[in-house]
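# Survey of secondary and tertiary structure
Each chain is listed here by its residues.
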Amino acid sequence: MAIRMTKPWRPLAREEVAALPGQLGVYELADETGRVIFIGYAGGRSLFGLRGTLEAAETTPPDGARQFRAEVTMQYLTRYRELLMVHVADHGELPRHNRADP
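These notes cover the structure that comes with them. Everything numeric here is computed off the predicted structure, so don't read it as measured data.

## Looking at the packing of aromatic side chains
- The tally for this structure, following the rule as stated, stands at three aromatic pairs.
- Ring plane angle 25° and centroid distance 5.5 Å describe the contact between Tyr-41 and Tyr-76, whose orientation is recorded as stacked. Separated by 35 residues along the polypeptide, Tyr-41 in strand β3 (residues 36–42) and Tyr-76 in helix α3 (residues 76–91) bring together distant segments of the chain.
- Under the relative-accessibility criterion, Tyr-41 is labelled partly exposed at 34%.
- Using a relative accessible area of 17% as the deciding quantity, one classes Tyr-76 as buried.
- Relative to Tyr-80, the ring of Tyr-41 lies with its centre 4.9 Å away and its plane at 65°, an arrangement referred to as edge-to-face.

Quick look at the structure:
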């Protein structure tokens, strides 16, 4: 597995999100140019896993979110932290909507 998420971007639209599995995992939200603006996860307390978490993001998206990509993984917290660290290494800072999170 690559350290950076390599899944293709998908539009943040109801029909795309509805096709997701109800499993644990991580996801990235991006603007229309593909710049990552938020990295998140669907954990053990997420209702309906990735599908439920991204349905909420699709209903009330963070400012600028237009597309997403997701990975199913049982090690969602480790992978989430890894994606954040890679983003900081590549860009020098956290994604815009992750900065308020400690």
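There is more to say after this.
## Considering the nonpolar core
- By size, the foremost hydrophobic cluster in this structure holds 14 residues, and its most contacted members are Leu-12, Val-17, Tyr-27, Leu-29, Leu-54 and Phe-68.
- Mapped by element, the contributors of at least two residues to this core are β2 (25–30), β3, α2 (49–59) and β4 (67–72).
- When sequence neighbours within four positions are dropped, the list of residues in contact with Leu-54 reads Leu-12, Val-17, Leu-20, Tyr-27, Leu-29, Phe-68 and Ala-70.
- With eight residues, the next largest nonpolar core counts Val-36, Tyr-76, Tyr-80 and Leu-84 among its residues.

## Things to note about the pattern of salt bridges
- Under the defined criterion, the tally for this structure stands at eight salt bridges.
- Between Asp-90 and Arg-4 there is a salt bridge, with the nearest N and O atoms lying 2.8 Å from each other. Taken as a pair, Asp-90 in helix α3 and Arg-4 in the segment before β1 (10–11) lie far apart in primary sequence, 86 residues in all.
- Residue classification places Asp-90 among the partly exposed residues on the basis of a relative accessible area of 40%.
- Of the residues examined, Arg-4 reaches a relative accessible area of 42% and is grouped as partly exposed.
- A salt bridge links Glu-16 to Arg-10, with the nearest nitrogen and oxygen atoms 3.0 Å apart.
- Given a relative accessible area of 25%, Glu-16 falls into the partly exposed group.
- Its relative accessible area of 27% is what places Arg-10 among the partly exposed residues.
- Taken together, the shared-partner salt bridges in this structure form one network comprising Glu-71, Arg-79 and Glu-82.

What counts and what doesn't
Residues numbered from 1 in each chain as written. Predicted model: local features only at pLDDT ≥ 70, side-chain atom pairs only at ≥ 80, totals over all residues. Heavy atoms only, no water. Phe/Tyr/Trp six-rings, centres within 6.5 Å; stacked < 30°, edge-to-face > 60°. Helix = DSSP H or I, 4+ residues; strand = E, 2+ residues; numbered from the N terminus. Buried < 20%, exposed > 50% of the residue type's maximum accessible area, 1.4 Å probe, protein only. Core = buried A, V, L, I, M, F, W, Y, C linked by side-chain atoms within 4.5 Å. Contact = heavy atoms within 4.5 Å. Salt bridge = Lys/Arg side-chain N within 4 Å of Asp/Glu carboxyl O.

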